[in-house]
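# Observations on the model geometry
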Amino acid sequence: MSMESDIKFIDENGLRIDGRRPDELRHIKIEAGVLENADGSAYVEFGKNKVLAAVYGPRECHPRHLQNPSKAIIQCKYNMMTFSVSDRKRPGPDRRSVEISKIISEALESVVQTELFPRASIDVYMEILQANAGTRCAGLVAASVALADAGVPMKDIIPAIAVGKADGKLLLDLNKEEDNYGQADVPMAIIPKTGEVVLLQMDGHMTQEEFETALDMGIKACYEIYELQKDALKRRYAVETPEVEE
Ligand code: ADP
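This write-up is about the structure you can find in this document.

What counts, and at which threshold
Residues numbered from 1 in each chain as written. Predicted model: local features only at pLDDT ≥ 70, side-chain atom pairs only at ≥ 80, totals over all residues. Heavy atoms only, no water. Pairing = 2+ DSSP bridges. Helix = DSSP H or I, 4+ residues; strand = E, 2+ residues; numbered from the N terminus. Axes fitted to C-alpha atoms, helices over the stretch in contact; angles between N-to-C directions. Contact = heavy atoms within 4.5 Å. Core = buried A, V, L, I, M, F, W, Y, C linked by side-chain atoms within 4.5 Å. Buried < 20%, exposed > 50% of the residue type's maximum accessible area, 1.4 Å probe, protein only. Expected span 1.5 Å × (residues − 1). Salt bridge = Lys/Arg side-chain N within 4 Å of Asp/Glu carboxyl O.

## What to know about the sheet that holds strand 1 (residues 28–32)
Within the open sheet, the five strands sit side by side as 1-2-3-5-4. Their pairing is mixed. Strands with a single pairing partner mark the edges of an open sheet, and in this sheet they are strand 1 and strand 4 (73–80). Mean inter-strand twist for the sheet, computed between neighbouring axes without regard to direction, equals 15°. Together, strand 4 and strand 5 (120–130) form the strand contacts of helix 1 (residues 95–109), whose direction differs from that of strand 4 by roughly 140°. Set on the sheet, helix 2 (residues 135–149) makes contact with strand 1, strand 2 (40–46), strand 3 (49–60), strand 4 and strand 5; between it and strand 2 the angle comes to about 150°.

Quick look at the structure:
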């Protein structure tokens, strides 16, 4: 975003560096229940992004001073592995991961029925194994599926996607080059049943008209991702059903 460059993002056929059309998602893979020792888990790929999410709880909240007597709190931890980016990333939390953890936790609070579990904590870990732009969205998609896999009562599951701008064109689901050297990046997430937007950020610049179109493109893609999330949970359920013997 910060470094505008001479890179040509759209070729003469209207296709992007990775061959996609402007409104085309990267390949998305979602698998629920991939970890034995977490209450719920999910593995998600958005193109080259690889994310693992694990959920524990609802369980007793530590540290205790964070307990809320009227509802559970959702403690999210987004973390990039040192090997997730091309230069080794310094391990441990930084401002960016604290921010992402906070916005993801706020989005999840809009669907998790926290009022059913006073004083408890629901802990959500997102580990970015490989990053290629859009990791906060992939993290939230994985976290939603992992929460459902854990059996945490929710009003809905949350899909998320980023829409950006490069070469003056709106592009769905930015890859790393488009994100780093493009003109804008707008990650978003919705509650599909109501259409409510529960995460919306903007890095860079768009006109109001572009922003409205970007929002439409992103929301449409969110409904596609929602179907993939539900499919992943259905597949998980089908595998887990024991055969009934007559
Ligand atoms: P998001 O991953 O949600 O798009 P950003 O826009 O902050 O979040 O980051 C875009 C991309 O830039 C990341 O997905 C990753 O590929 C890369 N990136 C972010 N932080 C680092 C870092 N500390 N070192 C190297 N690359 C990074």
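That shown, we press on.
## Description of the nonpolar core
Phe46, Leu108, Ile122, Val124, Leu140, Leu147 and Ile161 are the most contacted members of the largest nonpolar core, which totals 65 residues. Setting aside its immediate chain neighbours within four residues, leucine 108 contacts Ile74, Cys76, Val124, Leu140, Ala143, Ser144, Leu147 and Ile158.

## Considering the side chain of asparagine 132
Within the secondary structure layout, asparagine 132 lies in the loop between strand 5 and helix 2. Look past the residues within four positions of asparagine 132 in its chain and what remains in contact with it is Arg26, Lys48, Asn49, Leu174, Asn175 and Lys176.

## Quick look at the environment of alanine 142
Within the secondary structure, alanine 142 sits in helix 2. According to the relative accessible area criterion, alanine 142 is buried, its value standing at 0%. Sequence spacing of alanine 142 and isoleucine 30 is 112 residues, and the spatial spacing of their C-alpha atoms is 7.6 Å. In this structure alanine 142 touches Ala42, Val44, Val51 and Ala53, once residues within four positions along its chain are discounted.

## Some points on helix 2
Across its 15 residues, helix 2 extends 20 Å between first and last C-alpha, which sits within 8% of the 21 Å expected from 1.5 Å per residue. Among the 15 residues of helix 2, 14 are classified as buried, and the element is accordingly described as predominantly covered. Looking one or two residues past helix 2, glycine 151 carries a phi angle of roughly 80°, positive in sign.

## Things to note about the pattern of salt bridges
Under the counting rule described, the total for this entry stands at 15 salt bridges. Across the pair aspartate 173 and arginine 26 runs a salt bridge whose closest N-O atoms are separated by 2.9 Å. One end of the pair, aspartate 173, is in the loop between strand 7 (169–172) and helix 3 (176–181); the other, arginine 26, is in the segment before strand 1, and 147 residues separate them in sequence. With its nearest N and O atoms 3.0 Å apart, the salt bridge here joins lysine 165 to glutamate 210. In this pair, lysine 165 sits in strand 6 (residues 160–166) while glutamate 210 sits in helix 4 (residues 208–240), placing the two residues 45 residues apart along the sequence. With a relative accessible area of 12%, lysine 165 lands in the buried category. Given the relative accessible area of 18%, glutamate 210 is considered buried. One network of salt bridges, with partners in common, ties together Arg16, Asp18, Arg20, Arg26, Asp173 and Glu178.

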